[in-house]
Amino acid sequence: MKTTGVICFLSLHLAISSVVAAPLLSEQDQASKEIAKLQNIGNQYIENKINNYGGTCNSSSIVRRQEWGSMSKQSRLEYINAVKCLQAKPPRFSKEAAPGVRSRFDDFAATHIQQTPYVHFDGLFLPFHRQAIWLYEKALREECGYTGWQPYWDWTLSWEDQRNSTVFDGSPYSMGSNGEAIPHGPTNVSALGVNLTIQPGTGGGCVYSGPFAGYNVTLGPVAFEPKGPDGGLGYNPRCLSRDISLEWSNHTKPTDVLSVLTTCNDLECFDTQLEAIDGVHAGGHFSMGGLGIDPYASAADPAFWLHHAQVDRVWTIWQNLNPHNRTLQVSGTGTAFNEPPSPNVTLNTTIEFSVLGPQVAVGKTVSTTDNDYCYMYV
């Protein structure tokens, strides 16, 4: 009996010790776990919907967009090669409409420049970028033979220093490095009625390693000096630069994303928090630096498309936490901060995509498993 008592006591002591010794999750780690739970809830809704839907979007056809770092190196190389293919293909824009466009890839950047006043800080922000990403993914696949899907950049994985992200680590399997570290002062950004001073980050010069070292951009800038000609659509060749900012990546913490996902019950509130100057959308853009800080010309950086896929992922998760109430919600007008005043957005409001594709009604963009869309984020 004594031996049994000693053994029981030691077992209890070891159990208590293991509990005490178990490391507590940090606030950010806990937030990351909560985000994963919310995504799983949303994905379960999608799985149930497509399994019972009987339409063209089903469990066999649905696309699963992955986080960049979770893709194999071979898959990342295939995506990079497809982007380079678009950068080598001739454009569809005429020289009269966009004199600086030199490639099919530039078609997407020029369209973003044209549409910026109508698709930021308003009711078309999320629908426009969802459709633009889908069109970009479609071009990669149909015009460049890419067999994968559009990846996303989860800012929260390397929020403390995005130079450590698989997106920006400068390896052959990245979207290129930070810019060369060069002395430089702050940049004054002025766009859509907002004036902002962006302090220097950790780079500032040309991307120096990885697949896009040596790549030249030809469009923009529009929102900061020295500005490109023709409202950013003129020919202005220069290197792709970045200036990764630890100050701005601090706005992309797991707790920041979790707050966006859990604070708001209506789309106006959600979009306002998401698009806030100190929010996660701006945090992702400004943490990249370079063209990333230009609301107009940022799509000329190939990393833009991974960034906005993450924005779309956040919207998708939020929608599918209460799909019956959130999927068909609209808000706002069709101009930034409603300047100049414009009609309220409805499900029938159409969005322009210039040479990228035909007009699309907002109502065609609100579900990732209806109409032309059949995808989810994993």
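Residues numbered from 1 in each chain as written. Predicted model: local features only at pLDDT ≥ 70, side-chain atom pairs only at ≥ 80, totals over all residues. Heavy atoms only, no water.

Caption draft 1: Representation of the layout of surface pockets within the structure. Volume-wise, the largest pocket comes out at about 450 Å³. Of the residues in the lining of the largest pocket, the class split is 11 nonpolar, 11 polar and four charged. Counted as a void, the second largest pocket has a volume near 240 Å³. In terms of lining, the second largest pocket is formed by 14 residues, of which the most central are Phe 121, Asp 122, Asp 271, Thr 272 and Glu 275. Across the lining of the second largest pocket, the residue classes break down as three nonpolar, seven polar and four charged. (1 Å grid on protein atoms, 1.4 Å probe; cavity = no way out; pocket = protein on both sides within 12 Å on 5 of 7 lines; lining within 4 Å. Points joined across faces, edges and corners; volume = space filled by probe spheres on them. Nonpolar A, V, L, I, M, F, W, Y, C, P; charged D, E, K, R; others polar.)

Caption draft 2: Representation of unusual backbone geometry. Geometrically, the link from Glu 225 to Pro 226 is a cis peptide bond, its omega value of -10 degrees lying close to zero. With respect to the element layout, Pro 226 can be found in the loop between β6 (216-217) and β7 (238-239). In this model, Asp 230 sits at a positive phi of 55 degrees, which is unusual for a non-glycine residue. Here Asp 230 falls in the exposed class, since its relative accessible area comes to 53%. Even without glycine at this site, Ser 354 takes up a positive phi of about 50 degrees. (Helix = DSSP H or I, 4+ residues; strand = E, 2+ residues; numbered from the N terminus. Buried < 20%, exposed > 50% of the residue type's maximum accessible area, 1.4 Å probe, protein only.)

Caption draft 3: Geometry of the packing of aromatic side chains. According to the stated counting rule, one finds 18 aromatic pairs in the structure shown. Pairing Phe 304 with Trp 305 gives two aromatic rings, centres 4.8 Å apart and planes at 75 degrees, and the pair type is edge-to-face. For Phe 304, a relative accessible area of 1% corresponds to the buried category. Geometrically, the ring pair formed by Tyr 373 and Tyr 375 is edge-to-face, given 5.9 Å between the ring centres and 65 degrees between the ring planes. Judged by relative accessible area, Tyr 375 falls into the buried class, the value being 2%. An aromatic cluster is defined as three or more aromatic residues linked by ring pairs; in this entry it consists of Phe 105, Phe 108, Tyr 136, Phe 212, Tyr 215, Phe 304 and Trp 305. Positioned over the ring face of Tyr 235 is Arg 102, at 4.0 Å from the centre of the ring. (Phe/Tyr/Trp six-rings, centres within 6.5 Å; stacked < 30°, edge-to-face > 60°. Lys NZ or Arg CZ within 6 Å of the ring centre and 35° of its normal.)

Caption draft 4: Representation of the nonpolar core within the structure. Tyr 79, Tyr 136, Met 175, Phe 270, Leu 274 and Trp 305 are the most contacted members of the largest nonpolar core, which has 94 residues in total. Excluding residues within four positions of it along the chain, Met 175 makes contact with Trp 68, Tyr 79, Ile 80, Val 167, Phe 212, Arg 242, Pro 302, Ala 303 and Leu 306. Counting residues in hydrophobic clusters, the runner-up holds six residues, among them Ile 46, Ile 50, Cys 57 and Cys 374. (Core = buried A, V, L, I, M, F, W, Y, C linked by side-chain atoms within 4.5 Å. Contact = heavy atoms within 4.5 Å.)

Caption draft 5: The arrangement of empty space enclosed by the protein in detail. Applying the stated criterion across every chain yields a total of four cavities of 30 Å³ or more. Approximately 210 Å³ is the volume found for the largest cavity. Surrounding the largest cavity, 17 residues form its lining, Phe 121, Ile 277, Phe 286, Ile 293 and Pro 295 being those nearest its centre. Of all the elements in the fold, those that place two or more residues in the lining of the largest cavity are β3 (187-191), β4 (194-198) and α9 (280-288). It is α9 that contributes the most residues to the lining of the largest cavity, four residues altogether. Residues that form the lining of the largest cavity fall into these classes: 10 nonpolar, five polar and two charged. In this structure, the second largest cavity occupies an estimated 80 Å³ of space. Residue lining of the second largest cavity: 13 residues in total, with Gly 123, Leu 126, Pro 127, Leu 267 and Ser 331 positioned closest to the centre. For the lining of the second largest cavity, the secondary structure elements donating two or more residues are α5 (125-144) and α8 (267-275).

Caption draft 6: Just the state of the cysteines, in detail. In total, this model carries four disulfides according to the counting rule given. Between the sulfur of Cys 206 and that of Cys 239 lies a disulfide, 2.1 Å long from S to S. A torsion of -80 degrees about the S-S bond marks the disulfide between Cys 206 and Cys 239 as left-handed. Of the two residues, Cys 206 sits in strand β5 (residues 204-207) while Cys 239 sits in strand β7, which places them 33 residues apart along the sequence. (Disulfide = S-S within 2.5 Å.)

Caption draft 7: Broad picture of the pattern of salt bridges. The full count for this structure, using the stated rule, is 14 salt bridges. With a shortest N-O distance of 3.0 Å, Glu 47 and Arg 64 are connected by a salt bridge. Taken together, the residues span a long stretch of sequence, with Glu 47 in helix α2 (residues 27-53) and Arg 64 in strand β1 (residues 63-65) at a distance of 17 residues. With relative accessibility at 34%, the residue Arg 64 sits in the partly exposed group. The salt bridge involving Arg 242 is made with Asp 301; its shortest N-O contact spans 2.7 Å. Taken as a pair, Arg 242 in the loop between β7 and α6 (246-249) and Asp 301 in the loop between α9 and α10 (304-320) lie far apart in primary sequence, 59 residues in all. In this structure Arg 242 comes out as buried when scored by relative accessible area, which is 0%. Using a relative accessible area of 0% as the deciding quantity, one classes Asp 301 as buried. Put simply, Arg 65, Arg 130, Glu 137 and Asp 312 are held in one network by salt bridges that share partners. (Salt bridge = Lys/Arg side-chain N within 4 Å of Asp/Glu carboxyl O.)

Fair warning: the whole summary comes from geometry, so function is off the table for now.
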